[in-house]
Amino acid sequence: MLKIIIPTALLIPSSLLLKPKTLFLMMTLYSMLLALLSLSLFNQPLLLELSNTTTYFSTDPSSTPLIILSCWLLPLMILASQNHLKTEPLNRKRMFLMTLTILQTTLIMTFAASEFILFYILFETTLIPTLIIITRWGNQIERLSAGLYFLFYTLASSLPLLIALLHLHSTNLSSSMKLFFLYQPSIPPTQTNQIFWLSCLLAFMVKLPLYGFHLWLPKAHVEAPIAGSMVLAAILLKLGGYGLIRISPLLYPHPPTLMFPIMVMALWGILMTSSICLRQTDLKALIAYSSVSHMGLVAAAIITQTPWGMTGAMILMIAHGLTSSALFTLANTNYERTHTRTLLLVRGLQLALPLMSSWWLLINLTNMAMPPSINLMGELLIITTLFNWSPWSIILTGIGTLITASYSLYMFLMTQRGSISTQFRLYPPTHTREHLTLILHLLPLGLLILKPTLISGLFM
């Protein structure tokens, strides 16, 4: 595990010491090299649950795909941020890259942590660099209120989790994930244990976010710079799903009085947030709400605690991470040319940027889970699981997928078709850098369908 963590940590001094001319080139190359090195984690013995084990860090089939996704995203964030940082002085560029690499290191350590208390500490540590990225490099003045929302939602929900984990540690004299997996403490259905169950899950529900706890997400996404949006959509939301997967086996059996409302919120949230997407005027807010809708499926699947549900949740988390990050990259290419996110103003771009239009089409089709994308595979597994849990859920998930297809097409038609707005006549052409970023998003999505076992978490 240290072969990934130590080189990533050494990127932090590199961002401060590299020569100005080669700063972006070297950072991109080194981080890409790390991303390719992290692919070796896929090569795990199937019989052993754990590998790359140290006292505090280890990888297993459910953390490996998320570690690799984190490593894969760093070079893409650096590539996408180059235009955004063009006018900044050198010191600020270095600070920005340093903050990104600190965030990257803490994320890898969070996914690799094998102790619950350590996981909690690192889970909270990721908050600091993300907050700095949003509040320092965001576009508008509202970024400060977005940062406050993000901070207080996360902190308020995480405090009960800390108390629950400390209680768990004091009663069992250990907080090792693997020990708890082998010896599952039984939780009798008393009033206090229901509160314990809720406090364990609340932090992850807010991080996912579940519908009802989601108000921080559109604000944070809209105000964050491109790298902030990419890391929020692709990895930070997955921290919630990963935490749920890790802590759910401890809380068996789930109290029905608390489980049903959460399932209802998750399924109802799919419909509500998809409907919000249909009448959204802001492009980044539309993509942010679509994330909430997809994460509702993930939350519902994990709470059912079946092998199909867990596998579907893992596959959908990876697929959604790459897809929504690519959508934010596309929204940013529009924003850099038009300096507005309003859908009514940004239209007819197919005439100005025809190649970018084909990227929009491909990524929108992936977002609505068209075959042969892994999004379809994840959604099918989850919808089958939920149908098995309750046949009535097929109505909600069915309408949800229909509305998802509708707003994906709406987003494509609004941005690409129609006549170009008269105030934007001369667009700068697209750069190879932007096309490379989008290829590196779509390439894993296309290749993973050939061997989905790699990201399925081996729950089946």
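Refer to the preceding data block for the structure.
One structure accompanies this document, and this report is about it.

So, how was this worked out
- Residues numbered from 1 in each chain as written.
- Predicted model: local features only at pLDDT ≥ 70, side-chain atom pairs only at ≥ 80, totals over all residues.
- Heavy atoms only, no water.
- Helix = DSSP H or I, 4+ residues; strand = E, 2+ residues; numbered from the N terminus.
- Rg over C-alpha atoms; globule rule 2.2 N^0.38 Å.
- Buried < 20%, exposed > 50% of the residue type's maximum accessible area, 1.4 Å probe, protein only.
- Contact = heavy atoms within 4.5 Å.
- Areas by Shrake-Rupley, 256 points an atom, 1.4 Å probe, with all protein chains shown as cover.
- Lys, Arg positive; Asp, Glu negative; His and termini not counted.
- Charge placed at Lys NZ, Arg CZ, Asp CG, Glu CD.
- Phe/Tyr/Trp six-rings, centres within 6.5 Å; stacked < 30°, edge-to-face > 60°.
- Patch = residues over 30% accessible without salt bridge, like charges linked within 9 Å, V, L, I, M, F, W, Y side chains within 5 Å.
- Salt bridge = Lys/Arg side-chain N within 4 Å of Asp/Glu carboxyl O.
- Expected span 1.5 Å × (residues − 1).
- Bend = angle between axes of the 7 residues up to and from the residue.
- Axes fitted to C-alpha atoms, helices over the stretch in contact; angles between N-to-C directions.
- Parallel < 35°, antiparallel > 145°, perpendicular 65-115°, else oblique.
- Left-handed = near helix turned anticlockwise from the far one by under 90°.
- Nonpolar A, V, L, I, M, F, W, Y, C, P; charged D, E, K, R; others polar.
- Arc of directions from axis to C-beta.
- Core = buried A, V, L, I, M, F, W, Y, C linked by side-chain atoms within 4.5 Å.

Here we come to the overall build of the protein. From N to C terminus, the protein includes 19 helices and 0 strands. Taken over C-alpha atoms, the radius of gyration comes to 21 Å for the protein, in line with the 23 Å a tight globule of 460 residues would show. Looking at the protein as a whole, 60% of its 460 residues are labelled buried. A separation of at least 24 residues holds for 83% of the contacts in the protein among residues at least 6 apart in sequence. Surface accessibility of the protein: about 18,300 Å² in total, with carbon and sulfur atoms responsible for 72%. The protein carries 23 positive and 11 negative side-chain charges, and their two centres are separated by 9 Å.

Evaluation of the coordinates by the stated rule reveals 10 aromatic pairs. Plain terms: the ring middles of Phe116 and Phe180 are 6.0 Å apart, the flat faces sit at 45 degrees to each other, and that makes the pair tilted. Taken together, the residues span a long stretch of sequence, with Phe116 in helix α5 (residues 116-125) and Phe180 in helix α8 (residues 177-182) at a distance of 64 residues. The class of Phe180 is buried, set by a relative accessible area of 4%.

Together, Phe387, Trp392, Ile394, Ile395 and Ile399 make up a nonpolar patch on the protein surface, roughly 530 Å² of accessible area in all. Broken down by element, the nonpolar patch gets its largest block of residues, 3 residues, from helix α18 (residues 393-416). Mapped onto the fold, Ile399 is located in helix α18.

Between its terminal C-alpha atoms helix α11 (residues 226-247) stretches 31 Å, which fits the 32 Å expected from 22 residues at 1.5 Å a residue. Largest kink in α11: about 40 degrees, centred on Leu232. Burial of α11 is extensive: 22 of the 22 residues sit out of reach of the surface.

Relative to each other, helix α3 (residues 64-81) and α11 sit at 170 degrees, their axes nearing to 8 Å. Classified by the angle their axes make, α3 and α11 are roughly antiparallel. Crossing of α3 over α11 shows left-handed handedness. Facing Leu66, Leu69, Ser70, Leu73, Leu76, Met77, Ala80 and Ser81 of α3, the residues of α11 in contact are Ile226, Ala227, Met230, Val231, Ala234, Ile235, Lys238 and Tyr242.

Attention shifts here to the packing of helix α16 (residues 354-367) against helix α19 (residues 432-448). Packing of α16 against α19 leaves a shortest axis separation of 11 Å and a crossing angle of 25 degrees. When the axes of α16 and α19 are compared, the pair comes out roughly parallel. Of the two elements, α16 crosses α19, and the hand of that crossing is left-handed. Here Leu355, Met356, Trp359, Leu362, Ile363 and Thr366 of α16 lie close against α19, whose contacting residues are Glu434, His435, Leu438, Ile439, Leu442 and Leu445. When its residues are assigned to classes, the contact of α16 with α19 shows 9 nonpolar, 2 polar and 1 charged.

In this model, helix α2 (residues 23-38) (16 residues) spans 22 Å end to end at C-alpha, consistent with the 22 Å of a helix rising 1.5 Å per residue. Among all positions in α2, only Leu23, Phe24, Met27, Thr28, Ser31, Met32, Leu34, Ala35 and Ser38 are buried. Taken around the axis of α2, the buried residues stretch over an arc of 160 degrees, which confines them to a single face. Across α2 from its buried face, at more than 90 degrees, point the exposed residues Leu25 and Leu33. On its buried face, α2 sits against α1 (2-17), α3, α4 (90-112) and α19.

Time to look at the environment of Leu353. Relative to the assigned elements, Leu353 resides in the loop between α15 (349-352) and α16. Judged by its relative accessible area of 7%, Leu353 falls in the buried class. Once the C-alpha coordinates of Leu353 and Pro428 are considered, the two residues, 75 residues apart in sequence, prove to be 9.1 Å apart. Residues in contact with Leu353, not counting those within four places in the same chain, are Arg337, Tyr427, Pro428, Pro429 and Thr430.

So, about the nonpolar core. Of all hydrophobic cores here, the largest spans 145 residues; its most connected members are Ile247 and Leu251. Ignoring any residue separated from it by four or fewer positions in sequence, one finds Ile247 in contact with Phe116, Leu161, Leu165, Cys200, Leu201 and Phe204.

Quick look at the environment of Leu107 now. In this structure, Leu107 sits in helix α4. Spatially, the C-alpha atoms of Leu107 and Leu90 are 26 Å apart, while their sequence positions differ by 17 residues. Discounting chain neighbours no more than four positions away, the residues touching Leu107 are Ser70, Thr126, Val231, Ile235, Leu236 and Leu239.

Scanning the entire structure with this criterion turns up 6 salt bridges. A salt bridge links Arg92 to Glu88; the nearest nitrogen and oxygen atoms lie 3.8 Å apart. With relative accessibility at 38%, the residue Arg92 sits in the partly exposed group. Residue Glu434 pairs with Arg433 through a salt bridge whose shortest N-O separation is 4.0 Å. Accessibility classification places Glu434 together with Arg433 in one group, the buried group. Put simply, Asp60, Lys178 and Arg246 are held in one network by salt bridges that share partners.

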